[in-house]
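# Descriptive analysis of the structure
The chain contents come next:
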Amino acid sequence: MIVSLGFIILAGRPISADNMTNPVSEDAGWIRVSDGNISVYTQGDPAQAVPLIATFSQLRSALAQTGVFHVDESATLKVIAFHYEKEFNQYRLNLGACAFFQQTRRGEYVVLQDLEPSHRNVSAHEFTHFLLAHVGVTLPLWLNEGLADFYSTFEIAQDISGDKVTFGRPVVGRQAILRSYPWLPLDNLFRISTSSSYYSEPEQMALFYSESC
Ligand SMILES: [Zn+2]
């Protein structure tokens, strides 16, 4: 999911686009983990932020090598990762999304419900939105979400010839959705916008995302 919000709220205080450069207070129990370009602010286990940053770095490097679109490997990103679902729920955009990407004049942010390794694909999905938006790639909504899903399942394996990257493995649950529900006509799919219920209601979202990828 990609959104453009004016502000979010962390630790009970409003964080506007003007003061998001330092959104985390140590008093509130937030910890920052950074590799320089990617900073993760989390209430959770900071050790879980390290593999997240590694995943983002690997995906960024792999996409840069594909040449499918320009990737700015020096772009900076702030990741806000909650620890408890009930805390994220205060800022959740809708019941169907447990993460979102936000672009502001002062910076770019990925907001995550948590740092659970099982949510790695969701994080990579949002990171793909960041990479595309940062270089100004504008796509129809279905294609933007479809590409984010397509790259979200990337895998890197090593063999004697070096690293081998695989993109496009099925997202868990998508095929089951497509087998269970009648598909949207393509004309309808192509017209879905961010104001559509297919972008906010969980069941409809599941069909929209499944068909898009
Ligand atoms: Zn998305």
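Just so we're clear, the structure is a prediction, and the values are computed from it rather than from any experiment.

### Things to note about the pairing of strand β6 (residues 77-81)
Consecutive side chains along a regular strand alternate between the two faces of the sheet. The element β6 is extensively covered by neighbouring structure, given that 5 of its 5 residues are classed as buried. Burial along β6 is two-sided: the face carrying Leu 77, Val 79 and Ala 81 and the face carrying Lys 78 and Ile 80 are both buried. Here strand β5 (residues 38-42) runs beside β6; their pairing, made up of 5 bridges, is parallel. Residue pairing for β6: Ser 39 is matched across the bridge by Lys 78. Between β5 and its parallel partner β6, the chain crosses via helix α1 (residues 49-66), and the hand of that crossover is left-handed. Where β6 lies against strand β8 (residues 107-112), 4 bridges are found, and the strand directions are parallel. Counted as the bridge partner of Val 79 is Val 110 from β8.

### Some thoughts on the pairing of strand β7 (residues 99-104)
Here β7 runs beside β8; their pairing, made up of 6 bridges, is antiparallel. Pairing of Thr 104 across the sheet is with Gly 107, part of β8. Here β7 hands over to β8 after 2 residues, the two strands then running antiparallel side by side.

### Quick look at helix α7 (residues 202-212)
If you check which residues of α7 are buried, you get Met 205, Leu 207, Phe 208, Tyr 209, Ser 210, Glu 211 and Ser 212. In this fold, the buried residues of α7 make contact with α4 (141-152), α5 (174-180) and α6 (186-191).

### A word on the nonpolar core
The biggest cluster of nonpolar side chains holds 33 residues, and the ones touching the most others in it are Val 79, Ala 81, Val 110 and Leu 112. Ranked by residue count, the leading element in this core is helix α3 (residues 120-134), at 6 residues. Among the nonpolar cores identified, the runner-up in size contains 9 residues, and Ile 192, Tyr 199, Met 205 and Tyr 209 belong to it.

### A word on the packing of α3 against α4
With their axes 8 Å apart at the nearest point, α3 and α4 run at an angle of 125 degrees to one another. Taken as axis vectors, α3 and α4 run oblique relative to one another. You can see that α3 and α4 cross each other, and the crossing is right-handed. Along the contact surface, α3 presents Asn 121, Ala 124, His 125, Thr 128, His 129 and Leu 132, while α4 presents Asn 144, Leu 147, Ala 148, Asp 149, Tyr 151 and Ser 152. Here the contact of α3 with α4 is built from residues that sort into 5 nonpolar, 6 polar and 1 charged.

Conventions and cut-offs
- Residues numbered from 1 in each chain as written.
- Predicted model: local features only at pLDDT ≥ 70, side-chain atom pairs only at ≥ 80, totals over all residues.
- Buried ≥ 20, exposed ≤ 12 C-beta atoms within 10 Å, placed from the backbone.
- Helix = DSSP H or I, 4+ residues; strand = E, 2+ residues; numbered from the N terminus.
- Pairing = 2+ DSSP bridges.
- Right-handed = clockwise from strand over helix to strand, strands pointing away.
- Contact = placed C-beta atoms within 7 Å.
- Core = buried A, V, L, I, M, F, W, Y, C linked by C-beta atoms within 7 Å.
- Axes fitted to C-alpha atoms, helices over the stretch in contact; angles between N-to-C directions.
- Parallel < 35°, antiparallel > 145°, perpendicular 65-115°, else oblique.
- Left-handed = near helix turned anticlockwise from the far one by under 90°.
- Nonpolar A, V, L, I, M, F, W, Y, C, P; charged D, E, K, R; others polar.

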